[in-house]
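Below are the chains, spelled out letter by letter.
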Amino acid sequence: DLIDNFCIPDSKIIINPNWVSKRFTRHLRGAKPTKIIDILFVGRLEPQKNLLIFLEIVKELTLSGVRLSVIFVGDGLQREELERWSKKHHINSIVTFVGFSDNPVRYFRRSKIFLLTSLYEGQPHAVIEAMRTGIPVVALKSLGIDELVVHGKTGYIASDIHQAIGYLTNLLSDSSLREELGYRGKTLAINKYNKKNLLRIISYLV
């Protein structure tokens with residue numbers, strides 16, 4: 001857009017990745033906690049996040065016989081609507097809305113999969129945080145998400161909800177696959193999305 005609409009030469013454009021501080025995972029030492037959360041979402045409960053589709057995916061998984069525990073961490077304008085939808089479609093017993101948390105890492109640690117259904121994103125911190133804690137990410141295809149999730153290596157990018165359901169079903173039934181994708185995602189997050197990116201931005205400005 002900068003090149004096409006504003007005639008800015010690409011030589012003057014620098015793309016700097018987002019980052020997650022090491023402090024985010026400072027409590028990760030010690031024994032691994034039990035993975036009691038099957039699918040996790042962390043973020044604002046807003047229309048941009050496309051969370052009614054998220055709940056639709058959860059409903060379809062339960063209808064196919066998959067037993068789930070789903071946690072939403074965050075708050076926003078859609079919370080009441082999402083809670084009503086969950087109750088209407090009889091999944092409120094497996095979906096929990098915990099509200100805002102200043103320590104989301106405790107939810108990441110206990111989760112098997114992070115699901116993202118956003119209509120659009122920049123470089124969402126929650127995805128990097130999931131990767132940093134070794135959780136595979138399943139995301140619906142949206143502009144820019146393939147810059148974070150490496151399909152088939154750190155998680156999966158689904159073209160529609162049916163494909164997402166397939167990826168989730170496979171991951172939920174295969175702990176070895178979850179660990180493999182999670183390890184690769186963690187390695188990528190540590191090497192690429194770290195404090196060096198913040199220092200690089202500072203160097204550009206000064």
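Residues numbered from 1 in each chain as written. Predicted model: local features only at pLDDT ≥ 70, side-chain atom pairs only at ≥ 80, totals over all residues. Heavy atoms only, no water.

(A) Broad picture of the sheet that holds strand β5 (residues 137–140). Taken in spatial order, the six strands line up as β3-β2-β1-β4-β5-β6 in an open sheet, and their pairing is parallel. Edge strands, defined here as strands with exactly one partner in the open sheet, are β3 (95–99) and β6 (155–158). This sheet shows a mean twist of 20° between the axes of neighbouring strands, independent of strand direction. Lying on the sheet, helix α6 (residues 161–172) is in contact with β1 (37–42), β4 (111–116), β5 and β6; it crosses β6 at an angle near 160°. (Pairing = 2+ DSSP bridges. Helix = DSSP H or I, 4+ residues; strand = E, 2+ residues; numbered from the N terminus. Axes fitted to C-alpha atoms, helices over the stretch in contact; angles between N-to-C directions. Contact = heavy atoms within 4.5 Å.)

(B) Main features of the pattern of salt bridges. Scanning all chains against the criterion turns up six salt bridges. In this structure, K59 and E56 form a salt bridge, with 3.4 Å as the shortest nitrogen-oxygen distance. Here E56 and K59 lie together in helix α2 (residues 51–63), a separation of three residues that amounts to about one turn. With a shortest N-O distance of 2.5 Å, R184 and E180 are connected by a salt bridge. With R184 and E180 both in helix α7 (residues 175–192) and four residues apart, the pair spans about one turn of that helix. Given the relative accessible area of 38%, E180 is considered partly exposed. (Salt bridge = Lys/Arg side-chain N within 4 Å of Asp/Glu carboxyl O. Buried < 20%, exposed > 50% of the residue type's maximum accessible area, 1.4 Å probe, protein only.)

(C) Broad picture of the layout of surface pockets. Quantified by volume, the second largest pocket comes out at close to 190 Å³. As for the second largest pocket, its lining consists of V42, G43, V73, G74, F100, S101, P104, H125, A126 and E129. Top element by residues in the lining of the second largest pocket is helix α5 (residues 125–132). It accounts for three residues. (1 Å grid on protein atoms, 1.4 Å probe; cavity = no way out; pocket = protein on both sides within 12 Å on 5 of 7 lines; lining within 4 Å. Points joined across faces, edges and corners; volume = space filled by probe spheres on them.)

(D) A look at unusual backbone geometry. Even without being a glycine, N50 presents a positive backbone phi close to 60°. Counting through the fold element by element, N50 comes out in the loop between β1 and α2. You will see that H90, though not glycine, has its phi angle at about 65°, which is positive. If you trace the backbone, H90 turns up in the loop between α3 (79–88) and β3. Taking relative accessible area as the criterion, H90 reaches 68% and is therefore assigned exposed.

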